[in-house]
Protein chains: 2
Amino acid sequence: MAVYTHLGAEDLAALIAHYDVGTLVSAKGIAEGVSNSNWLIETDRARYILTMYERRIELDDLPFFLGLLDHLSAAGCPVPRTIHDREGRGWRMLDGKAIALIEFLPGVSVDHPTAQQAHAVGMALGQLHIASASYRGSRANDLRPRDWQALFDRCGADLARIDPELAGLTARHMPDLLDRWPQGLPETVIHADLFPDNVLMLGDRVGGLIDFYFACRDFAAYDVAVTHAAWAFDPTGAHYREEIGRALIAGYERVRPLSEEERAALPLLARGAAMRFVATRAFDWLDTPDDALVTRKDPMDFARRVQFYAEAGMAPFDLQGRSGN
Amino acid sequence: MAVYTHLGAEDLAALIAHYDVGTLVSAKGIAEGVSNSNWLIETDRARYILTMYERRIELDDLPFFLGLLDHLSAAGCPVPRTIHDREGRGWRMLDGKAIALIEFLPGVSVDHPTAQQAHAVGMALGQLHIASASYRGSRANDLRPRDWQALFDRCGADLARIDPELAGLTARHMPDLLDRWPQGLPETVIHADLFPDNVLMLGDRVGGLIDFYFACRDFAAYDVAVTHAAWAFDPTGAHYREEIGRALIAGYERVRPLSEEERAALPLLARGAAMRFVATRAFDWLDTPDDALVTRKDPMDFARRVQFYAEAGMAPFDLQGRSGN
């Protein structure tokens, strides 16, 4: 959530000159991105987001991510286009780091979505899943159940330092998630991290889906489950917001109806989606010093969602007999 | 250099509704400000900077700072206007913190100014000093020589932890600065921190002067000295850039000629201006943990400038016999 690299006006102007986007008028470092630096760039023609990838490890996946944006925006999805340089490249190297220029999309992230907004997000997710199915790029999901287990194993006994309930929760649910994780459900390229802060809303309309850096090939229904877990609760996970959950699924099904197999898998997929965030947050929690300036995300917010999904069964996903949205 | 407070779309939209600025379209937290949080806000009409003052201590001075922006922009200086709410207030309280909305100005901060740019900055500083003389607000400079000495006293023997040269430098120069600091030079409201990152350039033109949070009543010539120390060196202070220093002073004098007393005081004022940044950087250096994520500014970059000004005497400030700019 910071800008890790200083780029002065001269650096930025020289960089921008490699693109056919006009001349630099303004540049502001923006507080987005966890491991990359971002600037909101204005030229005399338009605005753009400039991203500098600070970690070498991300470089291999860059063609996948940037190509996906181009594929989805060409298909009419509300995602930012990658701007290509004068030689047609989607990214360039600067001082040993990759940088990319993407389209700026307007919109603001909501904290308390309305049912109308959740419905619009569901529709946008359905549209994304249909469009991304024809994307040729490939990236495996490196956060599947065995990966969560590996993260918990690395936390070990320290899990109790976060919360005394946490070890019991993983012991209770991880065996189910590992043994009964679905196989053979329809796959596509999924966003895998579609939290409200990755959706730019223009009122009730979706203005943009952003931050595709967890995108990978996996079950479409798992992405529905992730999005459900991310949107349909108060932030602490203590209260399920039924009207939001229903509107999200109804919006999704208006574009891409779920098969019976997908629907039947949703309770387990949603329990797993919640557990995925427990795993990464628990690991990051222990990995971040107590006095660091970075705000740690509480793993218990998603532990409560794991518990909710385990107890609720089909109820959150069974829209039959309801009027829908 | 971060956004310390989360404001969601709903918070921002509710806030914006108190102003006659249109409806919210986009909001990005920006990586500016040391002790406050800033957002670049776009409405359907224009763009603005929203600042949240995170520290209570700043609140008392807020009327001075915001009124100064209004006074200067009314006088034609390139500074952002304060946007007043529907009840005419220049700031509002939100969750116990003051927030203000100011005009967005385009432009980018340069790392390596040209002589033309330095000349334009000198002219803008002269214009500011003339306009601010009629500002009725009042704020004393709380970073004068005795305050630098107090900061060094608090650093004590730890100064040597920063650099073995530092204690000798302060012992050599602080007595002069304390005993011989000028009296009776013309006063006005000064910016007091006009580094390149506080000037938004549009090519060779000054698009905006920003970040007035050190502004106070003091000698106009001291502000010239601060700006000279901030612009006319390479970042480490090892090399004086004569053409930049001369262009800055020439630009200033085109708008506001220096009196003979002011010119004669410049070598000491500039040595003091450099020492002021040694003092605050040394104190902040020792006050910041070694492993903090914040980048510490090296006090030695300005210690080298102190040494330069002590040795150079009138040479950097004596433009006679030169063609000027």
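All values derive from a computational prediction rather than experimental measurement. (Residues numbered from 1 in each chain as written. Chains lettered and ligands numbered in written order. Predicted model: local features only at pLDDT ≥ 70, side-chain atom pairs only at ≥ 80, totals over all residues. Heavy atoms only, no water.)

## Some points on the domain arrangement of chain A
How big an interface is tends to be reported as the loss of accessible area on association of its parts.
All names here are of chain A.
In step 1: You can read the domains of chain A as domain 1 (9–103) and domain 2 (115–317).
In step 2: Between the C-alpha centres of domain 1 and domain 2 the distance comes to 28 Å.
In step 3: Taken together, both faces of the contact between domain 1 and domain 2 bury some 1500 Å²; the carbon and sulfur share is 71%.
In step 4: Among the residues domain 1 hides against domain 2, the three largest losses belong to Phe 64, Phe 65 and Pro 78. Together they make up 39% of the total.
In step 5: At the boundary of domain 1 with domain 2, the tally comes to 1 salt bridge.
In step 6: Counting every contact that joins domain 1 to domain 2 gives 9 residue pairs in polar contact (both at pLDDT 80 or more).
In step 7: Among the residues making up the side of domain 1 that touches domain 2, the classes are represented as 12 nonpolar, 5 polar and 1 charged. (Domains from an automatic or database assignment. Buried area = accessible area lost by both parts, 1.4 Å probe. Salt bridge = Lys/Arg side-chain N within 4 Å of Asp/Glu carboxyl O. Polar contact = N/O pair within 3.5 Å; in protein donor to acceptor, adjacent residues only side chain to side chain. Nonpolar A, V, L, I, M, F, W, Y, C, P; charged D, E, K, R; others polar.)

## Regarding the pattern of salt bridges
Residues and elements named next belong to chain B.
In step 1: Overall, the coordinates contain 41 salt bridges over all chains when judged by the stated rule.
In step 2: For Arg 139, the salt bridge identified is with Asp 61, shortest N-O distance 3.0 Å. Taken as a pair, Arg 139 in the loop between helix H3 (115–132) and helix H4 (145–155) and Asp 61 in the loop between strand E3 (47–53) and helix H2 (62–74) lie far apart in primary sequence, 78 residues in all.
In step 3: Of the charged contacts, one joins Arg 81 and Glu 103 as a salt bridge, the two residues approaching to 3.8 Å between their closest N and O atoms. Of this pair, Arg 81 sits in the loop between H2 and strand E4 (82–83) while Glu 103 sits in strand E6 (residues 97–103), placing them 22 residues apart in sequence.
In step 4: The class for Glu 103 is partly exposed, based on a relative accessible area of 24%. (Helix = DSSP H or I, 4+ residues; strand = E, 2+ residues; numbered from the N terminus. Buried < 20%, exposed > 50% of the residue type's maximum accessible area, 1.4 Å probe, protein only.)

## Topic: the interface of chain A and chain B
In step 1: In this complex, chain A contributes 31 residues to the contact, which on the side of chain B involves 31 residues.
In step 2: Interface of chain A and chain B: buried area, both sides summed, is about 2400 Å²; carbon and sulfur atoms make up 56% of it.
In step 3: Among the residues chain A hides against chain B, the three largest losses belong to Glu 10, Lys 28 and Val 108 of chain A. Together they make up 23% of the total.
In step 4: Linking chain A with chain B are 2 salt bridges. (Contact = heavy atoms within 4.5 Å.)

## Quick word on helix H2 (residues 62–74) of chain A
Residues and elements named next belong to chain A.
In step 1: Between the first and last C-alpha of H2 there are 18 Å, a value that for 13 residues agrees with the 18 Å anticipated at 1.5 Å per step.
In step 2: For H2, the set of buried residues is Leu 62, Phe 64, Phe 65, Leu 66, Leu 68, Leu 69, Leu 72 and Ser 73.
In step 3: The inward-facing, buried residues of H2 contact strand E3 (47–53), strand E4 (82–83), strand E6 (97–103), helix H3 (115–132), strand E7 (187–190) and strand E10 (216–219).
In step 4: Gly 76 occupies a position one or two residues after H2 and carries a positive phi of about 90 degrees. (Expected span 1.5 Å × (residues − 1).)

## Description of the pairing of E3 of chain B
All names here are of chain B.
In step 1: Of all 7 residues in E3, 6 are buried; the element is thus mostly enclosed.
In step 2: Alignment of E3 against E6, held across 6 bridges, turns out to be antiparallel. Its bridge partner being in E6, Met 52 is matched across the sheet by Ile 99. (Pairing = 2+ DSSP bridges.)

## Section: the packing of aromatic side chains
In step 1: Enumeration over the complete set of coordinates arrives at 30 aromatic pairs over all chains.
In step 2: Ring centres of Phe 64 of chain B and Tyr 135 of chain B lie 5.5 Å apart, and the angle between their planes is 55 degrees; this geometry places the pair in the tilted category. One end of the pair, Phe 64 of chain B, is in helix H2; the other, Tyr 135 of chain B, is in the loop between H3 and H4, with 71 residues separating them in the sequence. Of the two residues, Phe 64 of chain B and Tyr 135 of chain B, neither departs from the other in class, the shared state being buried.
In step 3: Consider the rings of Phe 195 of chain B and Phe 277 of chain B, whose centres lie 4.9 Å apart with planes at 80 degrees: the pair is edge-to-face. Of the two residues, Phe 195 of chain B is situated in the loop between strand E7 (187–190) and strand E8 (199–202) and Phe 277 of chain B in helix H9 (residues 260–287); the sequence distance between them amounts to 82 residues. Grouping residues by exposure puts Phe 195 of chain B and Phe 277 of chain B together as buried.
In step 4: Taken together, the aromatic side chains of Tyr 53, Phe 64, Phe 65, Tyr 135 and Tyr 213 of chain A make up a single cluster linked through ring pairs.
In step 5: A cation over an aromatic ring shows up here: Arg 305 of chain A above the ring of Phe 302 of chain A, its NZ or CZ 4.0 Å from the ring centre.
In step 6: For the cation-ring pair, Arg 144 of chain B lies above Phe 219 of chain B, with the distance from its terminal atom to the ring centre recorded as 5.4 Å. (Phe/Tyr/Trp six-rings, centres within 6.5 Å; stacked < 30°, edge-to-face > 60°. Lys NZ or Arg CZ within 6 Å of the ring centre and 35° of its normal.)

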